[in-house]
Amino acid sequence: MKAGYIKEEHEILRKSLRQFLEKEAYPYFKEWEKQKAIPRSFWKKLGQQGYLCPWLDEEYGGFNADFGYSVIINEEMERVGTGLIGIGLHNDIVVPYLSAYGTEDQKKRWLSKCTTGECVTAIAMTEPGAGSDLAAVKTSAQKTEDHYILNGEKTFITNGTYADLVLVVCKTDPKASPAHKGISLIVVEKDTPGFTRGKQLEKVGLHSQDTSELIFEDAKVPTSNLLGKEGEGFYYLMNQLQQERLIVGIGAIAACERMLELTIQYVKERQAFGRSIASFQNTQFKLAEMQTEVEIGRTFLDRTIEAHMQAEDVVKQVSMAKWWTTELVKKVALECMQLHGGYGYMEEYEIARRFRDAPVTAIYAGTNEVMKSIIAKKMGLV
Ligand SMILES: Cc1cc2nc3c(=O)[nH]c(=O)nc-3n(C[C@H](O)[C@H](O)[C@H](O)COP(=O)(O)OP(=O)(O)OC[C@H]3O[C@@H](n4cnc5c(N)ncnc54)[C@H](O)[C@@H]3O)c2cc1C
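Residues numbered from 1 in each chain as written. Predicted model: local features only at pLDDT ≥ 70, side-chain atom pairs only at ≥ 80, totals over all residues. Heavy atoms only, no water.

### Points about the packing of helix α7 (residues 233–269) against helix α9 (residues 315–339)
And step 1. Across the interface, α7 lies against α9 with an axial gap of 8 Å and an inter-helix angle of 25°. One element, α7, and the other, α9, form an angle in the roughly parallel class. Of the two elements, α7 crosses α9, and the hand of that crossing is left-handed.
And step 2. Here the contact of α7 with α9 is composed, by residue class, of 18 nonpolar, 5 polar and 2 charged. (Axes fitted to C-alpha atoms, helices over the stretch in contact; angles between N-to-C directions. Helix = DSSP H or I, 4+ residues; strand = E, 2+ residues; numbered from the N terminus. Parallel < 35°, antiparallel > 145°, perpendicular 65-115°, else oblique. Left-handed = near helix turned anticlockwise from the far one by under 90°. Nonpolar A, V, L, I, M, F, W, Y, C, P; charged D, E, K, R; others polar.)

Below, the structure written as structure tokens:
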């Protein structure tokens, strides 16, 4: 079943992007995983082809593309590997803040570079002592005449090592009550004095993706880098998290579809007891069950994407989609690995990497427990 939001132009995009990735990403992906980095030259090629923030206005290098383009770009990146998540984060999570809350001057300074790959972005919410409880962040921004002085530490930051511009969630009023009213968003540029990168973190999966600690020691940031208004940061985050969580759900279903494709091909080829693995009833039932669940997930996700594109408030549905699809991707990874037998545990087979990459989707962008708390609240239980 084709989703209602998919038009001919989206199909054309998918075809050309897949061809582009087959040439520019698939052959190099294992190398990027070893190097633990995606080369800037790849970002620049994405920019040249119009795959970075195509939803931006033409004056900033975009072409006012609808969210359907973002869906296709995220799906095709996921087909290569979840380790390309930093591109979706830049395109559909961080840059939207700059566009939604930036002044004309800020937009002129940053947005065009975000579409060319000259400027890679990151968002720094999480701290060693505060993840799910965002209002508890401690990074402070003290205002002087024309600067903010930032002090604090962030961790687990996607694109953290190579980002040129980091959107930092900090407290401009640490004494505010309730605490979330003291939160602001400040844009920190890479050469800011007092801003350094900590170590690049060793992860279970997503090896091509740089995930890092960031350190602010009296980092001196011009007051003109405040995004939106002081004290409004928490509300901006709440507004944008709907799309962030949707992006994770889109990736999860795309990963499920890829794993089923790989596994169906494998079980047809692999022989045991003189028959193909596919001919065993257990294999057929497992794959039939997974196919059913993935199609159910896809249908709900597509309906939620459509509502999001109509600017409906689908916080509840997005939270449902995020937890359900990311639990599903973990299950599909495990079952598909099992159907590959010993080969499934070998790095040579893509399913092994998928198995390492899947679990984090249930953790980042708000854990699945946090998703269920949001749903319960929307159900009037809290
Ligand atoms: C690979 C990776 C990339 C990431 N990228 C980014 C990024 O780019 N920017 C960024 O800011 N952050 C990023 N994160 C951080 C991520 O968003 C956090 O790890 C996540 O929000 C959870 O926070 P925490 O790790 O502090 O866990 P905690 O908040 O300490 O949670 C620990 C456990 O307790 C549970 N828990 C917490 N509160 C409740 C509650 N109220 N009810 C029930 N259970 C609860 C959680 O669900 C979890 O199971 C990334 C993380 C990873 C692993």
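Don't stop here, the text continues.
### Thoughts on the site of the ligand
And step 1. Taken together, 16 residues lie around the ligand, and Thr126, Ser132, Thr158, Thr367 and Glu369 are the ones closest in.
And step 2. At 2.9 Å, a backbone N or O of Ile123 approaches a nitrogen atom of the ligand.
And step 3. Within the backbone of Phe156, an N or O atom sits 2.8 Å from a nitrogen atom of the ligand.
And step 4. Alone, the ligand offers 970 Å² of accessible surface; in the complex the protein occludes 63% of this.
And step 5. The set of elements that each furnish at least two residues to the shell around the ligand consists of β1 (121–124) and β3 (147–158).
And step 6. The residue inventory of the shell around the ligand, partitioned by class, reads 9 nonpolar, 5 polar and 2 charged. (Near = heavy atom within 4 Å. Polar contact = N/O pair within 3.5 Å; in protein donor to acceptor, adjacent residues only side chain to side chain. Areas by Shrake-Rupley, 256 points an atom, 1.4 Å probe, with all protein chains shown as cover.)

### Re the environment of Ser373
And step 1. Within the secondary structure, Ser373 is located in helix α11 (residues 368–378).
And step 2. What makes Ser373 partly exposed here is its relative accessible area of 46%.
And step 3. Through-space distance from the C-alpha of Ser373 to that of Ile149 is 35 Å; in sequence the pair is 224 residues apart. (Buried < 20%, exposed > 50% of the residue type's maximum accessible area, 1.4 Å probe, protein only.)

### A short note on the pairing of strand β2 (residues 140–143)
And step 1. As judged from the 4 bridges shared by β2 and β3, these two strands associate in the antiparallel manner. In the sheet register, Ser140 faces β3, and the bridge partner there is Asn151.
And step 2. Where β2 hands over to β3, the hairpin turn is made up of 3 residues, counted between the paired strands. (Pairing = 2+ DSSP bridges.)

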